[in-house]
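Given next are the chains, with one letter for each unit.
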Amino acid sequence: MTRAALVLLALLGCHSSSSTAAADAAPSARPKIVRPRVVATGEMPLDLAQSKLHLVMVKDHVTPVDATMSFRDGALGASSTRLSVDLDSFDSQIAIRSERVRNIFFETSAIGWESAELAFELPAALVAELHEKKTLSKAKLEGTLKVHGGTSKLPVTVDAGYEGAKVWVKSVGPVDVKVSDLGLTDNLRRLNAICMHDSIDDVVKVDVSLVFNPPSH
């Protein structure tokens, strides 16, 4: 079975609530591993309650499916930002569909496969501009997305600014994440077959909204 992935965060398959449909998805009832936050001295920790990731994927050629995901960890440093996405938090507002995406596409029941990692380098000029002007508009960042060993480049355009001592960051528009770039095509096909769709697009549209709290020390 291939590696499952994030970005894909969307494979938004099915919406049947029948007992047969429920049986197709592997059981997800397992203890949630609580990992300690990792924040280095001087870093601004990600506000997990206020930060969200929104996904849109198209099934059956024309039908968009919306979903959200939460973060497990993250921090903003002087020259880089790192984020850990909780793949087990995938929520499309339809329980059986969300369960299938988690179990069949992301395969979150595998140990260590319940998260995806995002990392961005912050150019010194952008950091200096944010400190000076307290706001940034349409700043271009180059990120790396890693899911179950698969890695993909992720260019993102963001607005950012200070709100008191906090820093907020929002994507200007959706970022295209390709399932095939992460080596997840087989998982996508399997999900599509089980959900009996005509198609599920290879591209997932991703938006992020982040809030970083002041350093604690």
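Look up: the structure comes first, before these words.
What this report covers is the structure whose coordinates are included nearby. (Residues numbered from 1 in each chain as written. Predicted model: local features only at pLDDT ≥ 70, side-chain atom pairs only at ≥ 80, totals over all residues. Heavy atoms only, no water.)

Here the focus is the overall build of the protein chain. Helices and strands together make up the secondary structure of the protein chain, namely 4 helices and 10 strands. Moving toward the C terminus, one meets the helices and strands of the protein chain in the order α-β-β-β-β-α-β-α-β-β-β-β-α-β. The buried share among the 217 residues of the protein chain stands at 47%. Considering only contacts in the protein chain between residues 6 or more positions apart, those separated by 24 or more positions represent 71%. Accessible area of the protein chain: about 10500 Å², with a carbon and sulfur share of 57%. (Helix = DSSP H or I, 4+ residues; strand = E, 2+ residues; numbered from the N terminus. Buried < 20%, exposed > 50% of the residue type's maximum accessible area, 1.4 Å probe, protein only. Contact = heavy atoms within 4.5 Å. Areas by Shrake-Rupley, 256 points an atom, 1.4 Å probe, with all protein chains shown as cover.)

What follows covers the environment of Thr-135. Along the chain, Thr-135 turns up in strand E6 (residues 135-147). Since its relative accessible area comes to 41%, Thr-135 is described here as partly exposed. Each C-alpha atom of the pair Thr-135 and Trp-168 lies 9.4 Å from the other, and the pair is 33 residues apart in sequence.

The sheet contact formed by E6 and strand E7 (residues 150-163) spans 11 bridges and is antiparallel. Bridge assignment links Lys-140 to a residue of E7, and that residue is Thr-157. A loop of 2 residues connects E6 with E7, the two strands running antiparallel in sequence, and His-148 in this loop sits at a positive phi of about 50 degrees. Relative to strand E8 (residues 166-171), E7 runs antiparallel, the two sharing 6 bridges. (Pairing = 2+ DSSP bridges.)

By the secondary structure assignment, Asn-187 is in helix H4 (residues 185-195). Looking at Asn-187, the relative accessible area reads 2%, which means it is buried. A polar contact is formed between the side chain of Asn-187 and the backbone oxygen of Phe-105, at a distance of 2.7 Å. (Polar contact = N/O pair within 3.5 Å; in protein donor to acceptor, adjacent residues only side chain to side chain.)

We now examine H4. Buried within H4 we find Asn-187, Leu-188, Leu-191, Asn-192 and Cys-195. Summarising the axial view, the buried residues of H4 lie within an arc of 135 degrees, below the 170-degree limit, and thus occupy one face. Facing away from the buried side of H4 by more than 90 degrees, the exposed set consists of Arg-189 and Ala-193. In the segment just after H4, Met-196 is the residue with positive phi, at about 55 degrees. (Arc of directions from axis to C-beta.)

As a further point, take the packing of helix H2 (residues 95-105) against H4. Where H2 meets H4, the axes come as close as 9 Å, and the angle between the chain directions of the two elements is 140 degrees. Classified by the interaxial angle, the pair formed by H2 and H4 is oblique. Considering the relative orientation of H2 and H4, their crossing is right-handed. Together, Arg-100, Val-101, Ile-104 and Phe-105 of H2 and Asn-187, Leu-188, Arg-190, Leu-191, Ile-194 and Cys-195 of H4 make up the contact between the two elements. Split by residue class, the contact of H2 with H4 holds 7 nonpolar, 1 polar and 2 charged. (Axes fitted to C-alpha atoms, helices over the stretch in contact; angles between N-to-C directions. Parallel < 35°, antiparallel > 145°, perpendicular 65-115°, else oblique. Left-handed = near helix turned anticlockwise from the far one by under 90°. Nonpolar A, V, L, I, M, F, W, Y, C, P; charged D, E, K, R; others polar.)

This part covers the pattern of salt bridges. As enumerated under the stated definition, the model contains 7 salt bridges in all. A salt bridge links Arg-72 to Glu-114; the shortest N-O distance between them is 3.8 Å. Taken as a pair, Arg-72 in strand E3 (residues 63-76) and Glu-114 in the loop between H2 and strand E5 (115-121) lie far apart in primary sequence, 42 residues in all. We classify Arg-72 as buried; its relative accessible area is 16%. The buried category is assigned to Glu-114, whose relative accessible area is 3%. The salt bridge partner of Lys-205 is Asp-176, with a shortest N-O separation of 2.7 Å. With a gap of 29 residues between them, Lys-205 in strand E10 (residues 203-212) and Asp-176 in strand E9 (residues 175-178) connect regions that are remote in the sequence. For Asp-176, a relative accessible area of 44% gives the class partly exposed. (Salt bridge = Lys/Arg side-chain N within 4 Å of Asp/Glu carboxyl O.)

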